[in-house]
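Fold and contact review
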Amino acid sequence: MEGLLLIAIVIGGGVFIASRISGGNNKKREEREFEDAQADARRWIERLSSQVLTLAGSDAASTQAIADASERYTAASSQIGTATTKRQAELARESALEGLHYMNAAREIMGMPAGPELPPLEGQRNAGRVSEKRTIDQDGRTITASPVATDETPNYYPGGNVAGRPVPAGWYSEPWWASALRTGIWTAGSVFMFSALFNGMAGVGYSGQEFEDGYGQGYEDGLGAAGDGGDGGGDMGDGGDMGDAGGDMGDAGGDGGGFFGGDGGGDGGGFFDGGGFDFDF
C-alpha cells in the first residue's frame, strides 16, 4: 500500500513539474512572438514617419492623403506605445501600413514612384476597388465614388475592413466611413448607402443582396458590441481597428508606402471630421 502511495506521489509530482515547464515554455513563446510583432510594427512606423515628414502635397487630393497618413502615424505610434500583446502590436502595424498606402496614393497623384510593394491590409482584397465613377443622393447629401482622384473626390481610402465590414478602395467626395471607423458601429442607413453606391459595380465583388445581408448584420453586430460595452475601435483593434489599429518610410522620392483603416481604427480620429452623411450619433 505504501508502495502504491509512493508511486502516485511520484507520478503526481512529475505531472506538476511537466505542466510548470510547459506553461513556462508557452509564456516564453508568447513573449518572443510579441517582441517580433512589436519590432515589425516599429519598422513600418519608422518608414511612415520618414515619409510624412519629408513629403508635401501638391494639390488638394495629395495633401489630404498625406494628412490622412499623418493621422495613421499618430494612431500607430500610440498603439505600439501601449501594446502588451502580439495582436495589439499587429494592429499598430496595420495602422502604419494603412498610412503608407495613403502615402502611395499621394505619390501616384503627384506622378512620383510608389516604391516597393506594400503588404495588403486586412480585408483589402476582399473589399475590392471602385472601378467607375458613381454619385448617389441620400438624406439630402450627395456622395461620389471614383477610381481616380478629382477635385470632386479628394478623400482616399485604400480599402479594407471598417467596423468589421469591407470598404472598397477608391476616392470619395467625403470620408463617410469615418464615424464607423471611430465608433465601430455602422448605422442602419449605411445598408442602403452601400447598396446604392456599390451594387453592380465591377471590382467590388458584391451583389445588392450581399450588401443588404452583410452590412445589415454589421449594423446589428455594432449595436451588440456597443451594448456590451465593447471596443469602439473599428478596422484597426485594441490600440486605438482600425479596433486596435505605419512603416519603414524611406525618403520622399522612393520606397513609398501606399490602407487602413482597418477593421475599425483604434484611434480613428485625426483628420476625420466625425461627420459623413448618415453616420452621426
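If you're wondering where the values come from, they're calculated on a predicted model, not measured in any experiment.

Take the packing of helix H2 (residues 60–82) against helix H3 (residues 86–109) next. Contact geometry for H2 and H3: axes closest at 8 Å, N-to-C directions at 165 degrees. Comparing the axis directions of H2 and H3 gives the class roughly antiparallel. Crossing hand, H2 versus H3: left-handed. In this structure, H2 contributes Ala61, Ser62, Ala65, Ile66, Asp68, Ala69, Arg72, Ala76, Gln79, Ile80 and Thr82 to the contact, and H3 contributes Gln88, Ala89, Leu91, Ala92, Ser95, Ala96, Glu98, Gly99, Tyr102, Met103, Ala106 and Ile109. Class assignment of the residues belonging to the contact of H2 with H3 gives a composition of 14 nonpolar, six polar and three charged.

Inspection of the sheet shows strand S1 (residues 134–138) paired to strand S2 (residues 141–146) by five bridges, in the antiparallel sense. The residue of S2 that forms the bridge with aspartate 137 is threonine 142. The antiparallel hairpin formed by S1 and S2 contains two residues in its connecting segment, where aspartate 139 sits at a positive phi of about 55 degrees. Direction of pairing for S2 relative to strand S6 (residues 170–172): antiparallel, over a ladder of two bridges. Residue pairing for S6: alanine 145 is matched across the bridge by tyrosine 172.

Quick look at the pattern of salt bridges now. Across all of its chains, the model carries nine salt bridges by this definition. The partner of aspartate 40 in a salt bridge is arginine 93, with the nearest N and O atoms 2.8 Å apart. In this pair, aspartate 40 sits in helix H1 (residues 2–54) while arginine 93 sits in helix H3, placing the two residues 53 residues apart along the sequence. When the shortest N-O distance is used, the salt bridge between glutamate 90 and arginine 87 registers 3.6 Å. One end of the pair, glutamate 90, and the other, arginine 87, are both in helix H3, three residues apart, so they sit about a helical turn from each other.

A word on the confidence of the model for the chain. Low pLDDT means the predicted atomic positions in that stretch should not be read closely. Across the chain, the average pLDDT comes to 75, with 66% of residues at or above 70. Per-residue pLDDT stays below 50 along residues 208–212; that stretch engages in 13 contacts with residues further than four places along the chain or on separate chains. Here residues 214–281 is a poorly scored stretch, pLDDT under 50, and it has 311 contacts once near neighbours within four places are set aside; other chains count.

With that settled, the discussion passes to H2. Under the 1.5 Å per step criterion, the end-to-end length of H2 is 34 Å for 23 residues, consistent within 8% with the ideal 33 Å. Listing the buried residues of H2 in full gives Ala61, Ser62, Ala65, Ile66, Asp68, Ala69, Glu71, Arg72, Ala75, Ala76, Gln79 and Ile80.

What follows is about the sheet that holds S1. Spatially, the four strands line up as an open sheet ordered S1-S2-S6-S3, and their pairing is antiparallel. In the strand order of this sheet, the two ends are held by S1 and strand S3 (155–157), each with one partner. Across the sheet, the axes of successive neighbouring strands diverge by a mean angle of 25 degrees, strand direction being ignored. One ladder, built from three bridges, connects S3 with S6; its direction is antiparallel.

A word on the nonpolar core. Residues Val162, Val167, Tyr172, Trp176, Trp186, Leu197 and Phe198 are the most contacted members of the largest nonpolar core, which totals 48 residues. Elements with a contribution of two residues or more to this core: H1, H2, H3, S2, S3, S6, helix H5 (178–183) and helix H6 (189–198). With nine residues, the single largest contributor to this core is H3.

Okay, the packing of aromatic side chains next. With the rule as written, the count across this model stands at twelve aromatic pairs. Pairing tryptophan 176 with phenylalanine 198 gives two aromatic rings, centres 6.2 Å apart and planes at 50 degrees, and the pair type is tilted. One end of the pair, tryptophan 176, is in the loop between S6 and H5; the other, phenylalanine 198, is in helix H6, and 22 residues separate them in sequence. Residue classification places tryptophan 176 among the buried positions, given a relative accessible area of 0%. Three or more aromatic residues link up through ring pairs in this structure, and these residues are Tyr157, Tyr172, Trp176, Trp177, Trp186, Phe194 and Phe198. Between the NZ or CZ atom of arginine 43 and the centre of the ring of tryptophan 44, over which it lies, the distance is 4.5 Å.

With that settled, the discussion passes to a negative patch on the surface. A cluster of acidic residues, Glu30, Glu31, Glu33, Glu35 and Asp36, forms a negative patch at the surface. Mapping aspartate 36 onto the fold places it in helix H1. Among the residues examined, aspartate 36 registers a relative accessible area of 55% and is labelled exposed.

What counts, and at which threshold
- Residues numbered from 1 in each chain as written.
- Predicted model: local features only at pLDDT ≥ 70, side-chain atom pairs only at ≥ 80, totals over all residues.
- Heavy atoms only, no water.
- Axes fitted to C-alpha atoms, helices over the stretch in contact; angles between N-to-C directions.
- Helix = DSSP H or I, 4+ residues; strand = E, 2+ residues; numbered from the N terminus.
- Parallel < 35°, antiparallel > 145°, perpendicular 65-115°, else oblique.
- Left-handed = near helix turned anticlockwise from the far one by under 90°.
- Contact = heavy atoms within 4.5 Å.
- Nonpolar A, V, L, I, M, F, W, Y, C, P; charged D, E, K, R; others polar.
- Pairing = 2+ DSSP bridges.
- Salt bridge = Lys/Arg side-chain N within 4 Å of Asp/Glu carboxyl O.
- pLDDT = per-residue confidence, 0-100.
- Expected span 1.5 Å × (residues − 1).
- Buried < 20%, exposed > 50% of the residue type's maximum accessible area, 1.4 Å probe, protein only.
- Core = buried A, V, L, I, M, F, W, Y, C linked by side-chain atoms within 4.5 Å.
- Phe/Tyr/Trp six-rings, centres within 6.5 Å; stacked < 30°, edge-to-face > 60°.
- Lys NZ or Arg CZ within 6 Å of the ring centre and 35° of its normal.
- Patch = residues over 30% accessible without salt bridge, like charges linked within 9 Å, V, L, I, M, F, W, Y side chains within 5 Å.
- Areas by Shrake-Rupley, 256 points an atom, 1.4 Å probe, with all protein chains shown as cover.
- Lys, Arg positive; Asp, Glu negative; His and termini not counted.
- Charge placed at Lys NZ, Arg CZ, Asp CG, Glu CD.

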